[in-house]
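Each chain is listed here by its residues.
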Amino acid sequence: MWNPRSLLIACLGALLLSAQAAPAPLKEPILKPGEGFAITTGNGEVATYGEARKEAPMGSLAKLVWLRLEGSEWASKNVRFKCTGAAGPYVCWNREGHGQVDLGKALQESCNLAFLAWIADSQASWRTDYGEAAARVRMEDVFTPFLGRRLPPGDSLPPLTAAWVGDGDLLRTSPEGFLRWLMEPDIAEVVAFGKRFLAGAWVEFRELFGKEGWWFKTGTAPVPGEPAATSAWVAGGSGATLVVLHLPRGRGKQEGLARIREILGLKAK
């Protein structure tokens with residue numbers, strides 16, 4: 001039985017949905033030299049612009065790949081970590097530390113130290129649950145699209161260093177390549193994590209009334225051969241639309257986020 005409150009909410013939702021105009025099609029973006037941009041266009045198709053097929057180190061987009069492998073486990077454990085800016089041989093990009101983080105905040109802040117700590121715990125569990133060889137096969141199955149032939153062959157787990165969260169040249173992708181990975185049916189959970197952790201606290205409410213906000217995961221990556229330079233990544237989406245942008249220079253949270261909003265015609269923040 002419908003109660004009056006539920007009926008009212010349903011009616012309001014239907015009215016708002018019917019009143020919404022269809023989203024305007026994206027005009028072909030005007031990209032700057034070296035930029036690459038890929039976007040879904042409906043019906044499972046992909047539109048690419050600029051250097052969308054050019055591979056580069058993927059930086060912190062690697063954290064989305066870890067969500068594919070361990071996101072459900074970490075979320076169920078409600079993982080926590082206190083980032084002080086340094087842990088063992090590793091230094092966080094935020095030298096003052098992020099403080100206490102859970103999975104959502106670690107993803108938002110791109111906290112390498114938190115991810116490395118959780119990865120180390122997972123690695124210990126894999127050895128017990130699967131054994132070295134099976135654990136490596138399981139991990140390679142997820143990371144193969146981004147490894148090329150850069151991982152030395154073997155039957156044991158490789159050292160899971162900062163290279164596995166995007167520091168260095170081990171993991172590489174292109175805007176088109178990463179977009180097509182996000183589109184795979186078995187990656188739907190990663191997109192769900194993006195909506196949950198990166199689109200704001202009211203995403204469920206907005207979905208009820210047909211107004212889903214954009215979510216974005218930014219990343220900063222090294223530039224091979226230029227130790228002082230960085231490139232910027234942004235991956236995100238809204239509803240069924242997914243986008244990936246790469247800038248040849250810059251940082252994800254600054255230049256990357258501002259640029260993707262400009263390309264998509266969103267209000268500047």
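Up top you'll find the structure we're talking about.
Only a predicted model underlies this, so the values are computations on that prediction, with no experimental measurement involved.

A. Examining the pattern of salt bridges more closely. Applying the stated rule across the entire model yields 13 salt bridges. The salt bridge partner of E176 is R53, with a shortest N-O separation of 3.1 Å. Of the two residues, E176 is situated in helix α6 (residues 175-183) and R53 in the loop between β2 (45-50) and β3 (56-57); the sequence distance between them amounts to 123 residues. Exposure remark for E176: the relative accessible area of 13% places this residue in the buried category. Across the pair E70 and R138 runs a salt bridge whose closest N-O atoms are separated by 3.1 Å. Linking E70 in helix α2 (residues 62-77) with R138 in helix α5 (residues 132-147), this pair joins segments that are 68 residues apart in sequence.

B. Examining the nonpolar core more closely. Counting residues in hydrophobic clusters, the biggest one holds 60 residues, and the most contacted among them are W66, F115, W118, F143, W164, F178 and L182. If near-sequence neighbours (up to four positions away) are discounted, W164 is found in contact with A62, W66, M139, F143, L147, L151, P158, P159, L170 and L171. Counting residues in hydrophobic clusters, the runner-up holds 13 residues, among them F37, A232, V243 and I260.

C. Up close: the sheet that holds β2. Strand order in the open sheet formed by 5 strands is β2-β1-β11-β10-β9, and the pairing between neighbours is antiparallel. Two strands bound the open sheet, and with one partner strand each, they are β2 and β9 (215-223). The mean inter-strand angle of the sheet, taken between neighbouring strand axes irrespective of direction, is 15 degrees. In the packing of α6 onto the sheet, contacts are made with β1 (36-42), β2, β10 (226-238) and β11 (241-247), and the angle to β11 comes to roughly 155 degrees.

About the thresholds
Residues numbered from 1 in each chain as written. Predicted model: local features only at pLDDT ≥ 70, side-chain atom pairs only at ≥ 80, totals over all residues. Heavy atoms only, no water. Salt bridge = Lys/Arg side-chain N within 4 Å of Asp/Glu carboxyl O. Helix = DSSP H or I, 4+ residues; strand = E, 2+ residues; numbered from the N terminus. Buried < 20%, exposed > 50% of the residue type's maximum accessible area, 1.4 Å probe, protein only. Core = buried A, V, L, I, M, F, W, Y, C linked by side-chain atoms within 4.5 Å. Contact = heavy atoms within 4.5 Å. Pairing = 2+ DSSP bridges. Axes fitted to C-alpha atoms, helices over the stretch in contact; angles between N-to-C directions.

That's the geometry; what it means functionally is another story.
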